[in-house]
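# Coordinates in review
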Amino acid sequence: METQGIRLKKIRQALNISQSDFGEIFGISKQFVSLIEKDKAFMNNDKLVKLLLDYNVNLNYLLGGIGEMFIANAQQFEQEQEVFAQKVRQILKEEKLIK
């Protein structure tokens, strides 16, 4: 299964940004970027929002593996958001956490 760290690495590579440059952009060290990509650490919400706003990263893809890597426009964002919400509801139902 593809993890959040693997997906972040793919995004970073698709943007053609090195770990060092990525760390500089987000105010973290290259070593911390490596830990994130190995799923030993996670980005905080402020950095996730920066990915969304500055790079059009689809957070549904990054966090849940749902949809495309990047958001093309606002309509796609709304569609991806609904797909993610449906997937979350499905998982919660399967786990019998909701009816």
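Here the residue numbering is sequential within each chain, running from 1 through the sequence in written order. Restriction of local features to residues with pLDDT of at least 70 applies here, the model being predicted, together with a cutoff of 80 or more for giving and counting side-chain atom pairs; totals for whole chains, interfaces and linings are based on all residues. Computation of side-chain values: all heavy atoms of the structure, hydrogens and water removed.

### Quick word on helix H2 (residues 19-26)
What counts, and what does not: When accessible area is computed with a 1.4 Å probe and restricted to protein chains, residues below 20% of their type maximum are described as buried, those above 50% as exposed, and intermediate ones as partly exposed. Where helices and strands are cited, they refer to DSSP runs of H or I of at least four residues and of E of at least two residues respectively, numbered from the N terminus. When we speak of the arc, we mean the arc of directions from the helix axis to the C-beta atoms. By definition, residues are in contact when any of their heavy atoms lie within 4.5 Å.
Burial in H2 covers these residues: Gln 19, Phe 22, Gly 23 and Phe 26. Along the axis of H2, the buried residues cluster in a sector spanning 100°; they form a single face. Structurally, H2 contributes buried residues whose contacts are with helix H1 (4-14), helix H3 (30-37) and helix H4 (45-55).

### Digging into the pattern of salt bridges
So the rule is basically this: The rule for a salt bridge is simple: a side-chain nitrogen of Lys or Arg has to be within 4 Å of a carboxyl oxygen of Asp or Glu.
This model, assessed by the stated rule, comprises 4 salt bridges. Two residues, Lys 10 and Glu 2, come together in a salt bridge whose shortest N-O distance is 2.3 Å. We note a salt bridge from Arg 89 to Glu 82, for which the minimum N-O separation is 3.1 Å. A relative accessible area of 38% places Arg 89 in the partly exposed class.

### Focus: the confidence of the model for the protein chain
Here is the rule we go by: Per-residue confidence from the prediction method is given by pLDDT, with values spanning 0 to 100.
Per-residue confidence for the protein chain gives a mean pLDDT of 90, with 96% of residues at or over 70. By mean pLDDT, helix H6 (residues 74-94) is the weakest element of the protein chain at 80, and H3 is the strongest at 97.

### Looking at H3
Within H3 the residues assigned to the buried category are Val 33, Ser 34, Ile 36 and Glu 37. With its buried residues spanning 160° around the axis, H3 presents them on a single face. Of the residues one or two after H3, Asp 39 is the one with positive phi, at around 60°.

### Quick look at the environment of Glu 82
Examined against the element boundaries, Glu 82 turns out to sit in helix H6. Note on Glu 82: relative accessible area 39%, which makes it partly exposed.

### Let's talk about the nonpolar core
Applied cut-off: To define a nonpolar core, start from buried Ala, Val, Leu, Ile, Met, Phe, Trp, Tyr and Cys residues and group those joined through side-chain atoms within 4.5 Å.
Counting 16 residues, the largest nonpolar core has Leu 8, Phe 22, Met 43, Leu 51 and Leu 62 as the members making the most contacts within it. For this core, the elements supplying multiple residues, two or more each, are H1, H2, H3, H4 and helix H5 (59-64). The leading source of residues in this core is H5, at 3 residues.

### Things to note about the packing of H2 against H3
Operational definition: Lines fitted to C-alpha atoms define the axes here, with helix axes fitted over just the stretch in contact, and angles between the N-to-C directions of these axes take values from 0 to 180 degrees. Working definition: roughly parallel below 35 degrees, roughly antiparallel above 145 degrees, roughly perpendicular at 65 to 115 degrees, and oblique for all remaining angles. Three classes are used, and their members are as follows: Ala, Val, Leu, Ile, Met, Phe, Trp, Tyr, Cys and Pro are nonpolar, Asp, Glu, Lys and Arg are charged, and the others, Gly among them, are polar.
Here H2 crosses H3 at 100°, and the two axes come no closer than 8 Å. Between H2 and H3, the interaxial angle falls into the category roughly perpendicular. Counting all contacts with H2, which are made through Gln 19, Ser 20, Phe 22 and Gly 23, the residues of H3 involved are Lys 30, Val 33, Ser 34 and Glu 37. Split by residue class, the contact of H2 with H3 holds 2 nonpolar, 4 polar and 2 charged.

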